Amino acid sequence: MKRFIALQRRSNLTLDRTLMVWLLLISVAFAGCGGQLGKIEAPVVDTAIAEAEAAITAAQGVDAASLAPEAFQAANANLEAAREALTEKRGVDALRLAHQASADAKIAYRNAINAAKSSELNAAILRKDASVKELDQRLKALEERVSQKESEVQDARRESKQLQDRIRELQKENSELGNTRKAFGKQISELSKTLDDTQVRARRAEEEIRNYGTELSKLRHKLEVADKIAKEEGYQKRAAIAESESLRKQMREQAEIYTQKLTQAEKKDVAAKHAEFTAKQAEASRAYVASQPALSPPKTGRTSLSTQQIAAGKTALNNWESNWQTGNLNTHLAYYDPNIVADKVVVLESKENRSKIDRKQLESDLRQLSTHTWTKVKFDTEVESESVIGILQLRRLVHPAADENDTALYDIWIREIWMHQVGNSWKVHHEIWKIFERVPNL
């Protein structure tokens, strides 16, 4: 653009010089004629002045007064001087000044047009520069978005890998649970067989006890006969007394055997019935719980959380659990959303009692439950949608086993908490309690 303007200015300068030369030649020619004729005819000067006026009018039409002020002012001054020379009868000067005014007006006209074109070109250049800047900004914004998307893709790939690893872990756990289920099934089958054998032995013991009762009745009858004979005189009396003592001794021995058999039978029967009751209660509890509607939505294993958010959420979960274990109940409760509503499930003898508790009731229950000594069994974490989930299993002994035939009973408390991000913090927005009261440690 600058090169174009320079070339244009050089062309205008050359044209101006050419016009000046022609004006000088014309002035000289007319001066020669003046020398010969003595004057120039008025119509010739009038025509030149009219041409100068027309040129100045044309220059005004393109705003030469502001765009080419020097040439435009020179044209007006020369035109005025030409008119004065004509008035004073100086024909050669009038003609020369009129042509000079025309030349200046034409120069002003061209300079104004060129200046206007230069302004338009400059405006166009400015618009192009602005457009280039805008495109550059858009390009940078697109590059930033591409970089952000690439980062999100990398995060998604890492999360996908973590999910795949989690799926493999769950599949492994599922396989192990299947093996454990088979082992439990085998144990249940063996226990059922043992229970059947115990019941058979119990029936045999009852039959033996009945037989001992029959023998005891026979001995009582013999003792009555012996006592009756003992009331008579002579040898027969002494023999009857001896037989009575022998029968009493046998009865004492039979009574002792009877008592031992009865005690053993009762113990075996109690153990068998207890094992049968425990198995039935466990099966009934599992069946009842399985029949109830779910307390939380089904878990898909998919999440919208980033790797950094998952790490922050799990840190909050560990702090929540650590404060519970160390007894810092106020700090533990600080992780709860003020508007939380928790599900509380209490299972006793296969009967389930469900209720919903607000923040105030939850805090009251936690303070009451914290007075007992709970042992942590395990603490697992997982992620789902926009939440991180912690599952804490606790237990406490409520009935120790009296002997080898008795079973220890426990209260088992499973706490499932759901945390989500609130600003820069993580808060518990839902919790599920499952409390199994007085159950074996299965």
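Fair warning: this is a prediction, and the values are worked out from it, not measured in the lab. (Residues numbered from 1 in each chain as written. Predicted model: local features only at pLDDT ≥ 70, side-chain atom pairs only at ≥ 80, totals over all residues. Heavy atoms only, no water.)

Caption draft 1: Fine view of the overall build of the protein chain. Helix and strand content of the protein chain: nine helices and six strands. The buried share of the protein chain, reckoned over its 442 residues, is 28%. In the protein chain, once contacts between residues fewer than 6 apart in sequence are set aside, the share between residues at least 24 apart is 66%. Entry remark: accessible area of the protein chain is about 29000 Å², with carbon and sulfur atoms responsible for 53%. (Helix = DSSP H or I, 4+ residues; strand = E, 2+ residues; numbered from the N terminus. Buried < 20%, exposed > 50% of the residue type's maximum accessible area, 1.4 Å probe, protein only. Contact = heavy atoms within 4.5 Å. Areas by Shrake-Rupley, 256 points an atom, 1.4 Å probe, with all protein chains shown as cover.)

Caption draft 2: Seen up close, the pairing of strand 4 (residues 387-399). Bridging between strand 3 (residues 375-384) and strand 4 involves nine bridges; their strand directions are antiparallel. Within the sheet, the bridge partner assigned to Thr375 lies in strand 4 and is Arg395. If you look at the hairpin formed by strand 3 and strand 4, you'll find two residues sitting between the two strands, and Ser385 has a positive phi there, around 55°. Bridge count between strand 4 and strand 5 (residues 409-422): 11 bridges; the pairing is antiparallel. Residue pairing for strand 5: Leu392 is matched across the bridge by Arg415. (Pairing = 2+ DSSP bridges.)

Caption draft 3: Examining helix 2 (residues 42-61) more closely. For helix 2, with 20 residues, the first-to-last C-alpha span of 29 Å sits near the 28 Å given by 1.5 Å per residue. Taken together, the buried positions of helix 2 are Val45, Ala48, Ile49, Ala52, Ala55, Ile56 and Ala59. Seen from one end, helix 2 has its buried residues packed into an arc of 120°, which puts them on one side. Of the exposed residues in helix 2, the ones pointing more than 90 degrees away from its buried face are Pro43 and Gly61. Positive backbone phi, at 60°, marks Asp63, one or two positions downstream of helix 2. (Expected span 1.5 Å × (residues − 1). Arc of directions from axis to C-beta.)

Caption draft 4: How the structure looks around the environment of Val439. Note that Val439 resides in strand 6 (residues 425-439). With 40 residues separating them in the primary sequence, Val439 and His399 have C-alpha atoms 9.5 Å apart.

Caption draft 5: Structural detail: the confidence of the model for the protein chain. Averaged over the protein chain, the pLDDT score is 78; the fraction of residues at 70 or greater is 65%. Here residues 1-7 scores under 50 on pLDDT; set against residues more than four positions off or in separate chains, the count is six contacts. (pLDDT = per-residue confidence, 0-100.)

Caption draft 6: Helix 4 (residues 69-87), seen in detail. Compared with an ideal rise of 1.5 Å per residue, which puts 19 residues at 27 Å, helix 4 spans 27 Å between its outermost C-alpha atoms and is within 8% of the ideal. Along helix 4, the residues that are buried comprise Ala71, Phe72, Ala75, Asn78, Leu79, Ala82 and Ala85. Mapping the buried residues of helix 4 onto a view down its axis gives an arc of 145°, with all of them on the same face. More than 90 degrees from the buried face of helix 4, the exposed residues found are Glu70, Gln73 and Thr87. The first or second residue beyond helix 4 is Lys89, which carries a positive phi of 65°.

Caption draft 7: Spatial organisation of the pattern of salt bridges. Within this structure, the stated rule accounts for 16 salt bridges. Its salt-bridge partner being Asp93, residue Arg90 comes within 2.7 Å of it at the nearest N-O pair. The class of Asp93 is partly exposed, set by a relative accessible area of 27%. Measuring nitrogen to oxygen at the nearest pair gives 3.6 Å for the salt bridge that ties Glu152 to Lys149. One end of the pair, Glu152, and the other, Lys149, are both in helix 5 (residues 91-230), three residues apart, so they sit about a helical turn from each other. (Salt bridge = Lys/Arg side-chain N within 4 Å of Asp/Glu carboxyl O.)

Caption draft 8: Representation of the side chain of Asp343 within the structure. Along the polypeptide, Asp343 turns up in strand 1 (residues 341-348). Of the residues examined, Asp343 reaches a relative accessible area of 7% and is grouped as buried. Only 2.6 Å separates the side chain of Asp343 from the side chain of Lys356, close enough to count as a polar contact. (Polar contact = N/O pair within 3.5 Å; in protein donor to acceptor, adjacent residues only side chain to side chain.)

Caption draft 9: Local environment of the sheet that holds strand 6. Taken in spatial order, the six strands line up as 2-1-6-5-4-3 in an open sheet, and their pairing is mixed. Every interior strand has two partners, whereas the edge strands, strand 2 (351-358) and strand 3, have only one. Direction aside, the axes of adjacent strands within the sheet are offset by 15° on average. Against the sheet, helix 7 (residues 307-325) makes contact with strand 3, strand 4, strand 5 and strand 6, and its axis sits at roughly 20° relative to strand 4, the strand it touches most. Of the strands in this sheet, strand 1, strand 2, strand 5 and strand 6 are in contact with helix 9 (residues 359-369), which crosses strand 2 at around 120°. (Axes fitted to C-alpha atoms, helices over the stretch in contact; angles between N-to-C directions.)

Caption draft 10: Geometry of unusual backbone geometry. Phi is positive for Lys89, which is not a glycine, with a value near 65°. Along the polypeptide, Lys89 turns up in the loop between helix 4 and helix 5. A relative accessible area of 73% places Lys89 in the exposed class. For Ser385, which is not glycine, the phi dihedral falls at a positive 55°. Position of Ser385 relative to the elements: it lies in the loop between strand 3 and strand 4.

Caption draft 11: Up close: the packing of aromatic side chains. Counting across every chain of the model gives four aromatic pairs. With centroids separated by 5.6 Å and ring planes inclined at 85°, the aromatic side chains of Trp324 and Trp413 adopt a geometry described as edge-to-face. Here Trp413 lies in strand 5 and Trp324 lies in helix 7, a separation of 89 residues in the sequence. Of the two residues, Trp324 and Trp413, both sit in the buried class. Three or more aromatic residues link up through ring pairs in this structure, and these residues are Trp324, Trp374, Trp413 and Trp433. If you follow Arg415 out to its NZ or CZ, it ends over the ring of Trp324, 4.9 Å from the centre. (Phe/Tyr/Trp six-rings, centres within 6.5 Å; stacked < 30°, edge-to-face > 60°. Lys NZ or Arg CZ within 6 Å of the ring centre and 35° of its normal.)

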